[in-house]
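# Tertiary structure, described
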Amino acid sequence: MNALVNSLKLYDCRDAFAATLERLAAEDETVVAVCNDSVGSSKLGGFKSRFPERLVNVGIAEQNMVGVGAGLANGGRIPFVCGASPFLTGRSLEQIKADISYSNANVKLVGISSGMAYGELGPTHHSIEDFAWTRVLPNLPVIAPCDRVETAAAIEWAAKYEGPCFLRLSRVGVPDLLPEGHTFELGKANLLRQGSDVTLIANGTLTHRMVKAADILAERNISARVLNLATVRPIDEAAIIEAARETGAIVTAEEHSVFGGLGSAVAEVVVDYAPVPMKRLGVPGIYAPTGSAEFLLDEFGMAPLAIADAAQALIKRK
C-alpha cells in the first residue's frame, strides 16, 4: 500500500465536516447551518445541541432552503446549506443558479451522501449528475474532498472564502490519504504519487482506489502518477497539462456519470493544451441501479484491479 495511506481504518467524511463546522461556529457567531429535515444525515445533531438558534430546518423544501441560505448571506451570516446531494442540486438548481451563483451570494452548499452512497435506495437517490449541474455555473467552486483531513480543510477554507461554493461529501468510509494539518488550496491538485508511464486522476471516494491501482501497476513495472483533483472548478490546468506531457496517458475515475463530470473537465484541458490518450471511468450514461456504492463502483469498472487493467490497456495507445 502507498505510504501516503496512513491507516486502513475508514472514516465518514461527514464526521469531519460536522466537527469542523461546530468548531468554526464556536469561533464565529455568524456561522449558521440550514438543512432540509436532514439533521441526522448531515450530522448536525451536535451543532443543533450547541447552537440551536443558529440551525434552520426548513423541512423537505430544498428550493426554500437555498433561498433561506441566500437571505442569511445577505444578512451578513455565513450559511452552510446542507442536504442530500441529489435533492440539493436537482430540486433547487434554479435557485442555486439565480440566488447563489448569479447573485454571488456567500453561501456554502454542502451536498451530503453524494455519488451512489445511498446505494439500496436506487436511481432516485443516486447523485451522479451533480458535478455536471454545478460546474457549469459561474462563481461556484466545485469541490470533492478525498478524505476526512481534506474535508476538514475544505470546510475551514469555505468559511473564510468570500463567495459561494459547492462541497460534495459522501457517507462512504474512506482511508486517510493526506497528512494531518493539510491546507486546502482552491484549484490545486495534490500529487499523491509520482509516475512516468500514466496518470491516474480522481477525487472523493475514488482517490484511494487510484492509489491502490497504482500499487498494482507498480507490481507490473508500470509507473503511475496519482493526482487528487478535489477542485473540479476551477480545475488545476497546469497539473493536468504537466501530467499529460510527462506521462503521455490519463485515466480518470469518478462516482458520477462519465458525461459532464471530472473526466469531462480533465478532457477539456487535455484536448485544448496537451492531447494524449485518455480513459474516463464512471457511470456510462445510464441510471445506476440499486446496490451498495462499493458494489456499483466495482460493477462499473472502478475496482482497483479494473482501473489498473484500463490504465495498462491505455498505455498501449500511446
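Placed above this text is the structure.
All values reported here derive from a predicted model rather than from experimental measurement. (Residues numbered from 1 in each chain as written. Predicted model: local features only at pLDDT ≥ 70, side-chain atom pairs only at ≥ 80, totals over all residues. Heavy atoms only, no water.)

## What to know about the overall build of the protein chain
For clarity, the threshold we go by: The helix and strand labels rest on DSSP assignments: H or I over at least four residues marks a helix, E over at least two residues marks a strand, and numbering proceeds from the N terminus. Atoms counted for the radius of gyration: C-alpha only. Globule rule: 2.2 Å times residue count to the power 0.38. Note on exposure labels: buried denotes an accessible area under 20% of the residue type's maximum, exposed denotes more than 50%, and partly exposed covers the range between, all computed with a 1.4 Å probe on protein chains only. Each accessible area value is a Shrake-Rupley result obtained with a 1.4 Å probe; residue values ignore everything except the protein chains displayed when judging cover. The positive count covers Lys and Arg only, the negative count covers Asp and Glu only, and His and the chain ends enter neither. Charge placement uses NZ in Lys and CZ in Arg. For Asp and Glu, CG and CD serve respectively.
Assigned secondary structure in the protein chain consists of twelve helices and twelve strands. Taken over the C-alpha trace, the protein chain has a radius of gyration of 19 Å; the compact-globule value for 318 residues is 20 Å, and the two agree within 12%. Dimensions of the protein chain along its principal axes, counting C-alpha atoms only, are 60 × 35 × 35 Å. Residue burial in the protein chain is summarised as follows: out of 318 residues, 59% are buried. Split by element, the accessible area of the protein chain, about 12,300 Å² in all, is 51% carbon and sulfur. Charged side chains of the protein chain number 29 positive and 36 negative; the gap between the two group centres comes to 2 Å.

## A look at the environment of F47
For clarity, the cut-off: The contact rule is simple, with two residues in contact once any of their heavy atoms fall within 4.5 Å.
Relative to the helices and strands, F47 resides in helix α2 (residues 45-50). Under the relative-accessibility criterion, F47 is labelled buried at 1%. C-alpha of F47 to C-alpha of D197: the two residues are 150 residues apart in sequence and 47 Å apart in space. Once residues within four sequence positions are removed from consideration, F47 is found in contact with L21, E22, A25, V31, V32, A33, P52, R54 and L55.

## Remarks on helix α3 (residues 62-74)
Note the cut-off: Take the number of residues in a helix, subtract one, and multiply by 1.5 Å to get its expected span. Each direction from the helix axis to a C-beta atom contributes to the arc, which is the arc of those directions.
Look at α3: 19 Å from first C-alpha to last across 13 residues, which is about the 18 Å you get at 1.5 Å a residue. Considered for burial, the residues of α3 that qualify are E62, M65, V66, G69, A70 and A73. Around the axis of α3, the buried residues are gathered within 135° of arc, so they sit on the same side. Exposed and facing more than 90 degrees away from the buried side of α3 are N64 and N74. The secondary structure elements touched by the buried residues of α3 are β1 (31-35), β3 (78-84), α4 (85-90) and α5 (93-102).

## Description of the side chain of D215
Which entries qualify depends on this criterion: Identification of polar contacts relies on pairs of N or O atoms within 3.5 Å, with a donor-acceptor requirement for protein atoms, meaning one able to donate a hydrogen and the other able to accept it, and with residues adjacent in sequence counted only if both atoms are side-chain atoms.
Within the element layout of this structure, D215 appears in helix α8 (residues 207-219). In this structure the side chain of D215 is engaged in a polar contact, spanning 2.4 Å, whose partner is the side chain of R193.

## Notes on the environment of G291
In this fold, G291 is placed in the loop between β12 (278-283) and α11 (293-299). Sequence-wise, G291 and Y118 are 173 residues apart; in three dimensions their C-alpha atoms are separated by 8.6 Å. Setting aside anything within four residues of it in sequence, one finds G291 in contact with G119, E120 and L296.

## Regarding the sheet that holds strand β8 (residues 198-202)
Rules: Pairing between strands requires that DSSP locate at least two bridges from one strand to the other. Fitted lines through C-alpha atoms serve as axes, helices being fitted only where they are in contact, and the angles separating the N-to-C directions of these axes extend from 0 to 180 degrees.
As summarised here, the arrangement of the five strands in space is β7-β9-β8-β11-β12, forming an open sheet in which the pairing is mixed. Two strands bound the open sheet, and with one partner strand each, they are β7 (190-193) and β12. For this sheet the average axis-to-axis angle between neighbouring strands, irrespective of direction, equals 25°. Pairing between β7 and strand β9 (residues 224-228): three bridges, direction antiparallel. In the strand pairing of β9, R193 is matched with V226. Its contacts with the sheet put helix α10 (residues 262-273) on β8, β11 (250-257) and β12, and the angle it makes with β11 is roughly 145°. Sheet strands in contact with helix α12 (residues 304-315) are β8, β11 and β12, and its direction is about 155° off that of β12.

## Describing the packing of α3 against α5
Formally: Should an angle fall under 35 degrees it is called roughly parallel, over 145 degrees roughly antiparallel, and 65 to 115 degrees roughly perpendicular, with every other angle called oblique. Each residue is assigned to one class: nonpolar for Ala, Val, Leu, Ile, Met, Phe, Trp, Tyr, Cys and Pro, charged for Asp, Glu, Lys and Arg, and polar for all the others, Gly among them.
The interhelical angle for the contact between α3 and α5, taken along N-to-C directions, is 5°, at an axis separation of 9 Å. By the angle class used here, α3 and α5 are roughly parallel. Every residue of α5 that contacts α3 at Q63, V66, G67 and A70 is listed here: Q95, I96, D99 and I100. Partitioning the contact of α3 with α5 into residue classes produces four nonpolar, three polar and one charged.

## Side note on helix α7 (residues 148-160)
Since the α-helix packs 3.6 residues into each turn, any two residues three or four apart lie on the same face. Its 13 residues give α7 an end-to-end C-alpha distance of 19 Å, which sits within 8% of 18 Å, the value for a rise of 1.5 Å per residue. Regarding α7, the residues found buried are V149, E150, T151, A153, A154, I155, W157, A158 and A159.

Honestly, it's all geometry; don't read function into it.
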